[in-house]
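One-letter residues, chain by chain:
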Amino acid sequence: MSTLTHFDTKGQAHMVDVAAKPSSHRIAVASGRIEMLPATLALIESGNAKKGDVLGIARIAGIQGAKKTSDLIPLCHPIALTRVAMDFAIVPASATQAAHVQCSATAETVGATGVEMEALTAVQVALLTIYDMCKAVDRGMTITNVKLLEKHGGKSGSFVAGA
C-alpha cells in the first residue's frame, strides 16, 4: 500500500510538490445521484420548478464548483482546467430503484497534477444545487453514490472503477 502523499516525514500536512512532474493531458470522470420523490423528478423534467431550469442551473453550478475546487479543498492545487462537462439523466422510479437524477462530470487539464478532485467537486456541487432548488417540495432527497469512475494521464496512468 502506498503512503499518504499529503503528509511530510514529520507527519505535518503539506501540499504535494508537483514541480518535477511532467505535464500531460489528464481527464477524470465522476458521477453521483440525487434520489427524490417521483413528483419532484416530474417537476424537474417539466422545467416548471419555481426557481427555474433546475438542471441548467445545476450544470453551471457544477462547472463553477470544479473551478473553485482548490478554494474548498485545502491541499488541492489550483489548476488550469481546459474543459468541464456536466451530464444529467432523469431516471424514473422502478421496482428496484428510487426516482433520481444521475449526474456525471468530466474534467480535463494539461498539467502536472490530476483533475479527480475537480470532477468529484463538480458532481457534489451540481447535486447540492438540485437539492437547494427543490427542497421546498422535497426535503427528503438523498445524495448518494458519488464516486470517481475513471481517470487518465499522469504517472499513475489510468484508473477505471470496477476494472
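You'll find the structure just up there.
Scoring rules and cut-offs
- Residues numbered from 1 in each chain as written.
- Predicted model: local features only at pLDDT ≥ 70, side-chain atom pairs only at ≥ 80, totals over all residues.
- Heavy atoms only, no water.
- Helix = DSSP H or I, 4+ residues; strand = E, 2+ residues; numbered from the N terminus.
- Buried < 20%, exposed > 50% of the residue type's maximum accessible area, 1.4 Å probe, protein only.
- Contact = heavy atoms within 4.5 Å.
- Areas by Shrake-Rupley, 256 points an atom, 1.4 Å probe, with all protein chains shown as cover.
- Lys, Arg positive; Asp, Glu negative; His and termini not counted.
- Charge placed at Lys NZ, Arg CZ, Asp CG, Glu CD.
- Expected span 1.5 Å × (residues − 1).
- Polar contact = N/O pair within 3.5 Å; in protein donor to acceptor, adjacent residues only side chain to side chain.
- Pairing = 2+ DSSP bridges.
- Core = buried A, V, L, I, M, F, W, Y, C linked by side-chain atoms within 4.5 Å.

**Section: the overall build of the chain**
Alright, step 1. Looking only at helices and strands, the chain has four helices and five strands in total.
Alright, step 2. Reported as C-alpha extents along the three principal axes, the dimensions of the chain are approximately 50 × 30 × 30 Å.
Alright, step 3. Here the chain, with 163 residues, has 36% of them falling under the buried criterion.
Alright, step 4. Across the chain, contacts joining residues at least 24 apart in sequence account for 71% of those joining residues at least 6 apart.
Alright, step 5. By element, 57% of the accessible surface of the chain is carried by carbon and sulfur atoms, the whole surface being about 9,300 Å².
Alright, step 6. Here the chain carries 15 positive and 13 negative side-chain charges, and the mean point of each set is 3 Å from the other.

**Overview of helix α4 (residues 116–134)**
Alright, step 1. Compared with an ideal rise of 1.5 Å per residue, which puts 19 residues at 27 Å, α4 spans 28 Å between its outermost C-alpha atoms and is within 8% of the ideal.
Alright, step 2. The set of residues buried in α4 consists of Glu118, Ala119, Thr121, Ala122, Val123, Ala126, Leu127, Thr129, Ile130, Met133 and Cys134.

**Some details on the environment of Gln102**
Alright, step 1. Mapped onto the fold, Gln102 is located in strand β3 (residues 100–111).
Alright, step 2. Separated by 67 residues in sequence, Gln102 and Glu35 have C-alpha atoms that sit 8.7 Å apart.
Alright, step 3. Sequence-distant contacts of Gln102, that is, excluding residues within four places in its chain, are made with Ser31, Gly32, Arg33, Asp87, Phe88 and Ala89.
Alright, step 4. Among the polar contacts made by the side chain of Gln102, one reaches the main-chain carbonyl oxygen of Gly32 at a distance of 3.3 Å.

**Focus: the environment of Asp87**
Alright, step 1. Checked against the element boundaries, Asp87 lands in strand β2 (residues 81–91).
Alright, step 2. By relative accessible area, Asp87 is classed as partly exposed at 45%.
Alright, step 3. For Asp87 and Ala105, which are 18 residues apart along the polypeptide, the C-alpha to C-alpha distance reads 6.4 Å.
Alright, step 4. In contact with Asp87, not counting residues within four places along its chain, are Arg59, Gln102, Cys103 and Ser104.

**Re unusual backbone geometry**
Alright, step 1. Not every positive phi belongs to a glycine, and Asn145 is a case in point at roughly 55 degrees.
Alright, step 2. Of note, Asn145 is situated in strand β4 (residues 142–152).

**Considering the sheet that holds β3**
Alright, step 1. Pairing is antiparallel in the open sheet, where five strands are placed in the order β2-β3-β1-β4-β5. In this open sheet, the two strands that pair with only one neighbour each are β2 and β5 (159–160).
Alright, step 2. Sheet topology places β2 next to β3; ten bridges connect them, and they run antiparallel. Note on β3: the bridge partner recorded for Asp87 is Ser104.

**Remarks on the nonpolar core**
Alright, step 1. In this structure, Met36, Ile44, Met86, Phe88, Val101 and Ile130 are the most contacted members of the largest nonpolar core, which totals 28 residues.
Alright, step 2. Looking at this core, the elements with two or more residues in it are β1 (24–35), α1 (38–46), α2 (54–67), β2, β3 and α4.
Alright, step 3. Considering every element that reaches this core, the biggest residue donor is α4, with eight residues.

Just geometry here; none of it tells us what the structure is for.
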